[in-house]
Amino acid sequence: MATPKQLSKTLTLGDQLRIFGRSGLEQAAWNYPRLQNLGFCYIMIPAIKRLYTQRMDQATAATRHLVAFNTMPYMQSLITGVTLSLEEQRANGQALTDADINAVKVGMMGSLAGVTDPVWWGTWRPILSAFAASLTLSGLGILGPVVFFVSWNIVRLGFRWWAQRWGYRHGLDVIQDLGTGILQKLTLGASLVGLFMMGAMIPRWVKLTLKPMLTTDHQTGYSLQTLLNQLLPGLLPLVATLGCVWLLHHRVKPFWLLIGVLGLSILGYWLGWLA
Amino acid sequence: MLIIAFLAGLDGVVDEWQFQQPIVACTLVGLALGQPLTGAALGASLQLITFGWMNIGTSVAPDPALAAVITAWWVAGTAQLPVEMGVILALPLAWVGQLSTLGLRQLIIPLVNRADQAATAGDLHRISRLQVVSAGLQGLRTLLPAALLMSLPADWLTAGYHLLPAVLRGGFRVAAGALVVVSFAMVINTMATRKLWPFFFLGFALATDQRLSLLALGMISIALAVLYVQWPNHTGSGPNSPTGKTPETTDDEALDRELDDF
């Protein structure tokens with residue numbers, strides 16, 4: 001993996017910025033047999049133009065990047081970076097075949113998506129969502145959406161740029177660095193935070209209260225919900241959530257769960273159990 | 001309005017700027033209608049229901065883009081539906097959005113095949129053009145149904161809402177508060193492993209104390225995560241313990257999930 005001392009063909013900072021700009025459209029041509037293939041090729045085009053001057057070479061390079069590809073969109077920046085460094089080496093005369101380059105892409109895409117989906121979609125977005133929503137619902141109005149939009153995009157753009165640079169500069173060494181399990185640790189930690197926070201948000205955000213009043217000999221109008229709150233606030237939402245998790249685990253589609261909750265809510269209201 | 005619909009539709013697929021998230025989309029629609037606060041209130045309520053919808057691997061979740069734009073139009077616009085009604089109406093619209101995403105993933109295939117021809121010919125500009133065209137199609141995916149639904153007269157909606165029996169209106173109000181559980185369940189389902197379940201209950205139990213703010217709970221959870229990841233017995237960073245047990249299992253499970261999707 002010794003990098004040649006002097007590369008005759010290198011990517012300029014402008015090329016890298018163009019590639020970074022294009023990465024924001026990666027998933028636009030999402031299609032079934034080959035998933036994000038066109039998106040990846042689209043991102044690579046500034047590099048292909050810079051590195052290969054012959055039309056034939058450009059054609060083979062473009063074809064090489066139109067094979068099936070799919071990963072978590074933000075991690076694609078890291079894969080792009082590594083692929084850029086491989087393409088650069090190939091353009092400068094290193095013996096790298098189409099299959100070699102594709103093997104690196106395929107090798108990285110599955111494992112990266114698997115460990116980073118929980119971080120971005122499972123932890124960061126739900127927690128940021130809930131935090132922003134709580135700002136708005138507690139009367140701070142427009143601040144919630146602003147906080148959500150700004151925080152999300154600063155982190156996203158910062159990460160994408162950093163990942164692409166890191167991948168480009170270090171090339172295949174990135175795979176070794178990732179092999180130490182640092183990503184797995186990050187994912188484990190993020191999943192823990194995500195689960196903890198999901199648990200924490202249930203008693204605060206799910207509004208489910210029981211209506212019936214209990215009438216005993218000594219006391220009248222003792223609310224069932226008050227009784228339940230003494231036992232554990234948010235017990236009903238907790239049970240409802242665990243029930244949904246169990247159903248999801250048994251491959252019930254989320255859409256049917258939504259319909260089910262809607263149906264039960266109407267039924268509960270009609271029977272006078274829920275308020 | 002149509003620009004917002006276009007951006008939301010595009011982002012519902014590319015998942016970058018998050019314009020499709022209700023808290024952003026509804027607020028923007030509210031802003032366009034001169035009612036940013038109503039829009040934000042609906043957006044926040046809807047956001048709690050949609051945050052668990054994620055496109056992982058090759059699967060397609062319900063798409064909040066169309067739902068957010070249209071319900072905001074109905075709630076913050078002249079129809080003046082209540083927020084709960086907006087939340088309920090978002091469900092069928094999200095399903096329509098999901099169908100349109102799935103449909104377009106099929107319809108776009110000829111376009112991608114054309115990119116193959118362009119690549120063989122070495123025509124790089126054409127490949128870029130095709131990608132931009134597909135981005136446009138993704139935007140139209142939401143813009144067209146949005147335009148159609150927005151042309152419904154507001155009186156019809158208001159009248160329709162008043163025709164609803166009181167039982168349904170009350171039931172919808174209950175449901176608007178309860179539907180959040182599905183989102184929680186979806187997020188939990190993607191992350192829960194046997195070893196991490198205790199942390200879920202810990203979070204729940206601590207949150208029942210109202211004095212702890214969301215930020216404080218966040219700090220506790222991060223502290224726990226740092227401790228847990230460093231703990232030698234669990235992560236196997238120690239040289240002679242059964243090494244790397246936890247990270248490997250999560251990795252394997254994640255990989256399995258990815259493979260399942262294919």
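This one's a predicted model, so the numbers in the text were calculated from it and none came from an experiment.

Asker: Would you mind going over the overall build of chain B with me for this structure?
Answerer: In terms of helices and strands, chain B carries 14 helices and 0 strands. Along chain B, from the amino end to the carboxyl end, the secondary structure elements read α-α-α-α-α-α-α-α-α-α-α-α-α-α. Within chain B, buried positions represent 54% of all 262 residues. A fraction of 67% describes how many contacts in chain B between residues 6 or more apart in sequence connect residues 24 or more apart. Of the accessible surface of chain B, which amounts to about 11000 Å², a share of 67% is contributed by carbon and sulfur atoms.

Asker: Hey, could you run me through the packing of aromatic side chains in this one?
Answerer: Given two aromatic rings, their pairing is described by the distance between the two centres and the angle made by the two planes. On inspection of all chains with the given rule, the structure shows 22 aromatic pairs over all chains. Where Phe20(A) meets Trp161(A), the ring centres are 5.3 Å apart and the plane angle is 70 degrees; that geometry is what we call edge-to-face. Taken together, the positions of Phe20(A) in helix α1 (residues 13-22) and Trp161(A) in helix α6 (residues 143-170) put the pair 141 residues apart, joining distant regions of the chain. Here Trp161(A) falls in the partly exposed class, since its relative accessible area comes to 26%. Centre to centre, the rings of Phe199(B) and Tyr228(B) are 5.4 Å apart; their planes meet at 75 degrees, and the pair counts as edge-to-face. Taken together, the residues span a long stretch of sequence, with Phe199(B) in helix α11 (residues 197-207) and Tyr228(B) in helix α12 (residues 214-230) at a distance of 29 residues.

Asker: Teacher, can you tell me more about the layout of surface pockets here?
Answerer: Any empty space left between atoms is shown by rolling a water-sized probe over those atoms. When its volume is computed, the second largest pocket comes out at roughly 860 Å³. Forming the boundary of the second largest pocket are 33 residues, of which Val119(A), Thr123(A), Trp124(A), Leu186(A) and Ala190(A) lie nearest the centre. The set of elements that each furnish at least two residues to the lining of the second largest pocket consists of α5 (98-140), α6, α7 (173-179) and α8 (182-205) of chain A together with α12 of chain B. For the lining of the second largest pocket, the leading source of residues is α12(B), giving 9 residues.

Asker: Teacher, can you tell me more about the nonpolar core here?
Answerer: Soluble globular proteins tend to bury their nonpolar side chains together. Core analysis: the biggest nonpolar cluster contains 153 residues, and Leu38(A), Leu78(A), Ile127(B) and Phe184(B) have the highest contact counts within it. No other element matches α5(A), which puts 13 residues into this core. With near-sequence residues (within four places) excluded, Ile127(B) lies in contact with Leu38(A), Cys41(A), Ile45(A), Ala62(A), Ala115(B), Ala118(B) and Ala119(B).

Asker: Before we go on, may I ask you to explain the interface of chain B and chain A in this structure?
Answerer: Counting residues at the interface gives 118 residues for chain B, matched by 110 residues for chain A. Both sides of the chain B and chain A interface together cover about 9700 Å² of buried area, and 75% of this is carbon and sulfur. Per-residue buried area on chain B facing chain A is highest for Glu16(B), Gln131(B) and Phe204(B); these three make up 8% of the total on that side. At the junction of chain B with chain A, the criterion picks out 4 salt bridges. The salt bridge involving Arg156(A) is made with Glu16(B); its shortest N-O contact spans 2.4 Å. Counting across the chain B and chain A interface gives 21 residue pairs in polar contact (both at pLDDT 80 or more).

Asker: Teacher, can you tell me more about the environment of Val82(A) here?
Answerer: Residues and elements named next belong to chain A. With respect to the element layout, Val82 can be found in helix α4 (residues 76-91). Using a relative accessible area of 0% as the deciding quantity, one classes Val82 as buried. Between the C-alpha atoms of Val82 and Trp166, which are 84 residues apart in sequence, the distance is 8.1 Å. Excluding anything up to four places from it in sequence, Val82 contacts Val104, Met108, Gly167, Tyr168, Gly171, Leu172 and Val174.

Asker: Sorry, what's going on with unusual backbone geometry here?
Answerer: For Arg251(A), which is not a glycine, the phi torsion comes out positive at approximately 65 degrees. Secondary-structure assignment places Arg251(A) in the loop between α10 (235-249) and α11 (254-271). Judged by its relative accessible area of 71%, Arg251(A) falls in the exposed class. Located in the positive-phi region is Gln18(B), a residue other than glycine, with phi close to 70 degrees. Looking at where Gln18(B) falls in the secondary structure, it is placed in the loop between α1 (2-14) and α2 (22-32). Look at Gln18(B) and you get buried, because its relative accessible area is 0%.

Cut-offs and rules
- Residues numbered from 1 in each chain as written.
- Chains lettered and ligands numbered in written order.
- Predicted model: local features only at pLDDT ≥ 70, side-chain atom pairs only at ≥ 80, totals over all residues.
- Heavy atoms only, no water.
- Helix = DSSP H or I, 4+ residues; strand = E, 2+ residues; numbered from the N terminus.
- Buried < 20%, exposed > 50% of the residue type's maximum accessible area, 1.4 Å probe, protein only.
- Contact = heavy atoms within 4.5 Å.
- Areas by Shrake-Rupley, 256 points an atom, 1.4 Å probe, with all protein chains shown as cover.
- Phe/Tyr/Trp six-rings, centres within 6.5 Å; stacked < 30°, edge-to-face > 60°.
- 1 Å grid on protein atoms, 1.4 Å probe; cavity = no way out; pocket = protein on both sides within 12 Å on 5 of 7 lines; lining within 4 Å.
- Points joined across faces, edges and corners; volume = space filled by probe spheres on them.
- Core = buried A, V, L, I, M, F, W, Y, C linked by side-chain atoms within 4.5 Å.
- Buried area = accessible area lost by both parts, 1.4 Å probe.
- Salt bridge = Lys/Arg side-chain N within 4 Å of Asp/Glu carboxyl O.
- Polar contact = N/O pair within 3.5 Å; in protein donor to acceptor, adjacent residues only side chain to side chain.

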